Amino acid sequence: MAEKRKEVIVVGGGLAGLACAMKLAENGCFVKLVCLTKVRRSHSVCAQGGINIAVNKKGEDDSPTIHAYDTLKGGDFLANQPPVLEMCLAGPSILNMLDRAGCPFNRTPEGNIDFRRFGGTLYHRTAFCGASTGQQLLYTLDEQVRRYETKGLVEKYENHEFLRLVLDKDNITRGIVMHDVYNLDLQVLKADAVVIATGGCGVIFKKSTNSTFCTGAANGRIYKQGMKYANGEFIQIHPTAIPGQDKLRLISESSRGEGGRVWVYGDSSKTITFPDGSEKPCGQTGEPWYFLEEMYPGYGNLVPRDIGAREVLRICELGLGIDGQMQVYLDVSHLPRVKHHKLEAVLDIYEKFTGDDPRKLPMKIFPAVHYTMGGGWVDWPAADDKDRKERFRQMTNLKGCFNIGESDYQFHGANRLGANSLLSCIFSGLVAGKEAPLYIDSLDQKSEDIDEAIFEKAYNSEKKIQEKLLTNTGKENVHLLADELAEYLIKYVTVKRNNEGLKKTLEKIKELRERYKNIELDDKGKTLNQTYVFAHQFDAMLELALVITKGALLRDEFRGSHFKEGYSDRDDDKFLKTTIAEYEPEEPKISYEDIDIRHFDPVKRNYVVAKKVKPEVKNFPKNWEPLL
Amino acid sequence: MKRTYTLKILRGTPKNQYFEEFELEFSPGANIISALMDIQKNPVNKKGEKTTPVVWEQGCLEEVCGSCSLLVDGFPRQSCTCLIEPFFEGKNHATITLAPFTKFPLIRDLVVDRTQMFENLKKVRAWVDIDGSFEQGEGPKVSPDVQEALYVLSTCMTCGCCTEGCPQMTGSSKFIGPAALSQARLFNAHPTGSMKKDERIRPLMEEGGVGDCGNAQNCKEVCPKNIPLTESIALIGREATKQAIRDFFSLSDTKK
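Being a predicted model, the structure only gives us computed values, none of them experimental. (Residues numbered from 1 in each chain as written. Chains lettered and ligands numbered in written order. Predicted model: local features only at pLDDT ≥ 70, side-chain atom pairs only at ≥ 80, totals over all residues.)

**Q** Teacher, can you tell me more about the overall build of chain A here?
**A** Along its length, chain A carries 16 helices and 23 strands. A compact globule built from 628 residues would reach a C-alpha radius of gyration of about 25 Å, and chain A, at 24 Å, matches this within 12%. Along the first, second and third principal axes, the C-alpha set of chain A runs to 75 × 60 × 50 Å. A total of 628 residues make up chain A; the buried ones form 60% of that total. (Helix = DSSP H or I, 4+ residues; strand = E, 2+ residues; numbered from the N terminus. Rg over C-alpha atoms; globule rule 2.2 N^0.38 Å. Buried ≥ 20, exposed ≤ 12 C-beta atoms within 10 Å, placed from the backbone.)

**Q** I tried to follow the overall build of chain B on my own but got confused; where do I start?
**A** Broken down by element type, chain B carries eight helices and seven strands. Dimensions along the principal axes, computed over C-alpha positions, put chain B at roughly 70 × 40 × 35 Å. Looking at the 256 residues of chain B, the share that counts as buried comes to 46%. At a minimum sequence separation of 6, the contacts of chain B that also span at least 24 residues come to 65%. (Contact = placed C-beta atoms within 7 Å.)

**Q** Any chance you could explain the nonpolar core here in plain terms?
**A** Generally speaking, nonpolar side chains in soluble globular proteins are found buried as a group. Within the largest apolar cluster, 260 residues are counted, with the highest numbers of intra-cluster contacts made by V11, A21 and V195 of chain A. For this core, the leading source of residues is helix 15 (residues 530-554) of chain A, giving 13 residues. Residue contributions to this core reach at least three from each of two domains, namely domain 1 (4-108) and domain 2 (114-248) of chain B. (Core = buried A, V, L, I, M, F, W, Y, C linked by C-beta atoms within 7 Å. Domains from an automatic or database assignment.)

**Q** Hey, could you run me through the domain arrangement of chain B in this one?
**A** For interface size, the figure often reported is the accessible area lost on association. Residue and element names in this part refer to chain B. Examined at the domain level, chain B breaks down into domain 1 (4-108) and domain 2 (114-248). Put simply, the middle of domain 1 and the middle of domain 2, counted by C-alpha atoms, are 31 Å apart. Between domain 1 and domain 2, the contact holds 12 residues from the first and 13 residues from the second. In terms of residues, the side of domain 1 that touches domain 2 owes the most to one element, strand 4 (residues 75-78), which gives three residues. For the side of domain 1 that touches domain 2, a count of residues per class yields five nonpolar, four polar and three charged. (Nonpolar A, V, L, I, M, F, W, Y, C, P; charged D, E, K, R; others polar.)

**Q** What is the right way to look at the packing of helix 1 (residues 15-26) of chain A against helix 11 (residues 421-441) of chain A in this model?
**A** Packed helices, taken two at a time, are described by the angle between their axes plus the distance between the axes. All names here are of chain A. Axis separation between helix 1 and helix 11 bottoms out at 7 Å; the angle between their running directions is 35°. Between helix 1 and helix 11 the crossing geometry is right-handed. Contact residues: L15, A16, G17, A19, C20, K23 and L24 in helix 1; L422, C425, I426, S428, G429, L430, A432, G433, K434 and A436 in helix 11. (Axes fitted to C-alpha atoms, helices over the stretch in contact; angles between N-to-C directions. Left-handed = near helix turned anticlockwise from the far one by under 90°.)

**Q** Would you mind going over unusual backbone geometry with me for this structure?
**A** Residues and elements named next belong to chain A. The backbone phi angle of N171 is positive, close to 65°, even though this residue is not glycine. Turning to its location among the elements, N171 is positioned in the loop between strand 7 (160-167) and strand 8 (173-180). Positive phi, close to 50°, is recorded for D323, a residue that is not glycine. When the 7 C-beta atoms within 10 Å are taken as the criterion, D323 is described as exposed.

**Q** Which parts of the structure should I look at to understand the pairing of strand 2 (residues 30-35) of chain A?
**A** Side-chain direction in a regular strand flips from residue to residue, so the side chains alternate between the two faces of the sheet. Residues and elements named next belong to chain A. Most of strand 2 is tucked away, with five of its six residues classed as buried. Pairing geometry for strand 1 (residues 7-11) and strand 2, over five bridges, is parallel. Looking across to strand 2, one finds that E7 is bridged to F30. In this fold, the crossover linking strand 1 to strand 2 by way of helix 1 has right-handed handedness. (Pairing = 2+ DSSP bridges. Right-handed = clockwise from strand over helix to strand, strands pointing away.)

**Q** Which parts of the structure should I look at to understand the interface of chain B and chain A?
**A** On the chain A side, the residues contacting the 55 residues of chain B number 55 residues. For the side of chain B that touches chain A, the elements supplying multiple residues, two or more each, are helix 1 (32-41), strand 6 (106-108), helix 2 (115-123) and helix 3 (144-154) of chain B. Considered class by class, the residues forming the side of chain B that touches chain A number 23 nonpolar, 24 polar and eight charged.

**Q** Which parts of the structure should I look at to understand the sheet that holds strand 5 (residues 124-127) of chain A?
**A** Within a sheet, neighbouring strands are paired by backbone hydrogen bonds and run either parallel or antiparallel to one another. Residues and elements named next belong to chain A. Read across the open sheet, the three strands follow the order 3-5-4; overall the sheet is antiparallel. Each edge of the sheet is formed by a strand with only one pairing partner; in this case those strands are strand 3 (51-52) and strand 4 (115-117). The pairing of strand 4 with strand 5 spans three bridges and is antiparallel. What sits directly across from F115, in strand 5, is A127.

**Q** Hey, could you run me through the environment of I465 of chain A in this one?
**A** In this fold, I465 of chain A is placed in helix 12 (residues 452-471). In the structure, I465 of chain A is positioned 71 residues away from H536 of chain A in sequence and 8.5 Å away in space, judged by C-alpha atoms.

**Q** Where do I start with the packing of helix 3 of chain B against helix 5 (residues 178-189) of chain B in this structure?
**A** Residues and elements named next belong to chain B. Direction vectors running N to C along helix 3 and helix 5 enclose 150°, while the axes themselves pass 9 Å from each other. Viewed along their axes, helix 3 and helix 5 adopt a mutual orientation that is roughly antiparallel. Note on packing geometry: the crossing formed by helix 3 with helix 5 is left-handed. When helix 3 is examined against helix 5, the residues A149, L150, L153 and S154 are found in contact with a partner set consisting of S182, R185, L186 and A189. (Parallel < 35°, antiparallel > 145°, perpendicular 65-115°, else oblique.)

**Q** Would you take a moment to explain helix 8 (residues 305-317) of chain A for this structure?
**A** Within an α-helix, residues lying three or four positions from one another point in the same direction, as the helix has 3.6 residues per turn. Residues and elements named next belong to chain A. Between its first and last C-alpha atoms helix 8 spans 18 Å; for 13 residues at 1.5 Å apiece the expected length is 18 Å, and the two agree. Those residues of helix 8 that fall on the buried side of the exposure criterion are R305, D306, I307, G308, A309, E311, V312, L313 and I315. In this structure, the buried side of helix 8 is in contact with strand 12 (235-242), strand 14 (261-265), helix 7 (291-295), strand 18 (328-331) and strand 19 (363-372). In the stretch just after helix 8, G319 is the one whose phi turns positive, near 85°. (Expected span 1.5 Å × (residues − 1).)

**Q** Looking at this structure, how should I read the pairing of strand 1 of chain A?
**A** All names here are of chain A. Counted residue by residue, strand 1 has five buried out of five residues, so it is predominantly covered. Here strand 1 shows no split at all, with E7, I9 and V11 on one side and V8 and V10 on the other all buried. Sheet topology places strand 1 next to strand 10 (residues 193-196); four bridges connect them, and they run parallel. Bridge pairing in strand 10 links V8 to A193.

**Q** Can you help me understand helix 1 of chain A in this one?
**A** Residues and elements named next belong to chain A. Given a rise of 1.5 Å per residue, 12 residues ought to cover 16 Å, and the 16 Å separating the end C-alpha atoms of helix 1 matches this to within 8%. Taken across its 12 residues, helix 1 has 11 buried, putting it largely inside the fold. Against the buried residues of helix 1 lie strand 1, strand 2, helix 4 (133-150), strand 6 (154-158), strand 10 and helix 11. Remark: G28 follows helix 1 within two positions and exhibits a positive phi of approximately 85°.

**Q** Looking at this model, I keep getting lost on the confidence of the model for chain B. Mind explaining?
**A** When pLDDT is low, close inspection of the predicted coordinates is not appropriate. Here chain B shows a mean pLDDT of 95. Residues at 70 or above account for 98%. Quick note on the complex model: pTM equals 0.97, ipTM equals 0.97. (pLDDT = per-residue confidence, 0-100.)

This is how it looks when you write it as C-alpha cells:
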C-alpha cells in the first residue's frame, strides 16, 4: 500500500509561509495553508528596498562570508552564527530561483540583475524591484504556490485565523484549532507538523510600519501553550517613516541607498556628543546640517537602523527638529530623474499622503516601530554538530511546531540590517520545507492515530473562550485598552529605555490584563465580528508585551536596538546571551542561553570609519550542504 | 475653526442593507481608515444611538496590499489613500458616502469576498512554469525596458477596482475581467512564461474571455496603480485572434 502523503499545516501566507508551502509541495507533502487574509495581501508586500544577496556582480570582491559578517555585526553579535552563515551562503541560489520564477528585478543595461547599496554595509548587494521588492517577491512565490494548488498539493484556508495548537499527551503537535473570520466557526485541522509563519508584533505598539494584522497573536498564543519566546526585547525602530493618523508609513532605506540625505537646519550655539566622545557644535546656524554624514563619515546616511533612529531622536530632543517638532528632513530632491524612477513606489506614497512632491521638497520623517527581531525560539543543529540529524532546524521547543520568518528569532540578533528580512523569510521557509518532512519520518505515530478526545478537548477550550468573550459584560473597551498599552510601550519601551519606566510599564500591563477581564464587546454577533477577533488577539498581545518589557528590564546593557539610560556599553560578559521567556501566569520566567560564536569573534561595532575587512571564518562547516 | 464631516455608510448583510451616518471631527491627516478606526472605538451614530462598529477590510495602509477597496462617493478606490481634507472644498462640513463593492458577494458592511479574482488567476495560469526550486543557474537575461514593462503589470494588487468599474461585469456575466487579462499578458511577456502562451490564451478565447470586453475603458481610469489595462486587453485580443487562426489551420504552437 502506498504511504499516505505527509500533511503539514502552514500558518501565515507571507514570504516565509509561501516559501515553506512551495518547498513542502515540491517534496510531495500536502499543505494546508491557513491565512488571516488573502495570502497575496500579507505584510511582506510592505517590504520596499530589496533583498541582500552577495553574488559579487559589482566587482567589489563581495562574498556570502562578508555578508554574514555584516549581518552579525549589524545585529551586535547577538545572533547564533551558524544559521546566519548558512543563510548568506544560500543567498545566491535563492536569487536564482526567484529570478527563474519571474520576479521582475531591476536590470543593468546588459540585462543582469542590478544591485543597490543598503545600510550597515559598504557593498552593493541589494537586489530590488523598484521600491516594492517585498510585494514582487511575495507575488512570485504566491504564483508558484497557486500552481501547486491547481495540482492538488496545497489547500488554502484564507480568512481563517490560528487560535491554538493541538498538543497530545506527550506535548507533540498534532494540529491546530482555527476560526473562520467571516462567521467565527471553529474548526480543527489535523497534521503531523505545524509551521508558524505569522510575522511580527508591531501592532502591540498600535502605530507602526506594520500591516494592521501584525499583532503577534499567534506567537503569543503558542507562547502561552509553552513555546519559548526569545529576544523579545529587541524591537527595531526604523529611522524614516511618515507620521500618520492610522499608521506610520515607511520610507524605504533605499531612498538613502540611492543617495538620499538626512538633515536639519544647524544651530552652532548648541553642541552634541559625537560617537568618539567629543563635544561639537550642531552645524552652522541656518545652514543644512547633514548630521549622520558628519558623525559617521564612514557610513554616513547608511548607518544601521538602530543608530539612525537614536541620532534622529537625539537631534530632535535638542530642539533641532523641523519647526522644533519631532521631525527631520530626508532629502532626495537633488537626485537625478533615473534615481527618482527607481524609488517611484515610495515617492508616490509620500506624495499621496502628504500632498508634497518629494522630487521637489525634502520629506519630513520620524522613526517608527518597524521589525520584531525576537520571536519563537527555534533550534538549529549546525552542519558539523554530531546530532545534526537528530534535531530539526527551525523547530520550536514544542515538538512538531516549527517557526519561520519574522515570527522566529534566529537571524538578526539585536538589530536587523535593511534588506535582510526578505532573505531570512525565504531561507527559513525553505529550510522548514525540508526539515518538516524529515521530522514526520521520525514520528512513531501519525496525527490520524491520535485519540480523538485530544482534538475535542482543544476545540472545546476555544469554544469556551468564544462563548465567554461574546457574552462578557463589563465597562472596559478593548480598543481603549490597546491605546493605553501602546501609550506606555511607545514612551518607555522603544528607542530609549530606562529601568524606572520599564517597571512602570510592567505594572501597567498587569493592570490592563486585569481590566481585560471586564471588557464588553460593542458587537456580539458572529458575522465578521472584527471587535471579537481583535479582543481575542489582545489577550495574547498583552502576554507578548510583558515578554518584551521584562526582557528589556532585565537586560542592563546597550546592544543594538536595546538602548538603556545608565548603561552606555555592551556587556558581553553578562549579556552575550539569548533571552528566553517562558510563560507563567504572573509574569514571564526569564532565563539566558549562550550564543554560538564559532565562526567570528565579536568585535565592537564601529560605523565612524569605512574599512572593508576580509573577515576570516573560523570552523567553516565541513559538512555544509547547499540548500537548493 | 473646528471642521466636521459626516460619513454616510451603506451597512448590513446581503438583502439587509441600510445607510447609517456618523458625525466626526476632522483632524489633520485624517483618512477614511482613521475615520473608521474612530467609529470602531466609539460606535455611536449621528443620532447619538449606540451601534455596532462598522467592519471593513484593511491591511498595509500603504496602497500595496489591495485590501481596503471601497466605493467612495460611488468611485472605486483604496480607502487608505483617501484623505478627508479634499472633501471640504473650502467649507467647514463635508459628507462622504462609503459603500461596499457591488460586483462581489457581500459579507457584511464594507467587506466583500473577492475570492473570484484569485480563482481567475488559475484560469490564466498566472505563473512561470519552472522545473522546481532547485539550483539551475540564473534566469534569462531581461533588458531594462522589458523589466520595466513587466514590473508595471506586476504591481497589480488584485484590489478589484477594475472589476467594480467595468460595465460588462453584471450578475449574469462570465467576463474574467481586466486584472486577469493583464496578468496573462504579464506572463506571456516573460521569456520563460511565453513558452506556455497558448495555454493562457486559449481559455480567454471562450465565453467570458477577452471577447467579452465592451471597450468602456473604465478599468484604466479607476486603477489605483495606473496599470495600462486597456493596452493589455488589446494585446490579448490580438493574441487570441492569432491563436484562433493557428488553431483553425492546425498549425503547431512551436513558433510562439
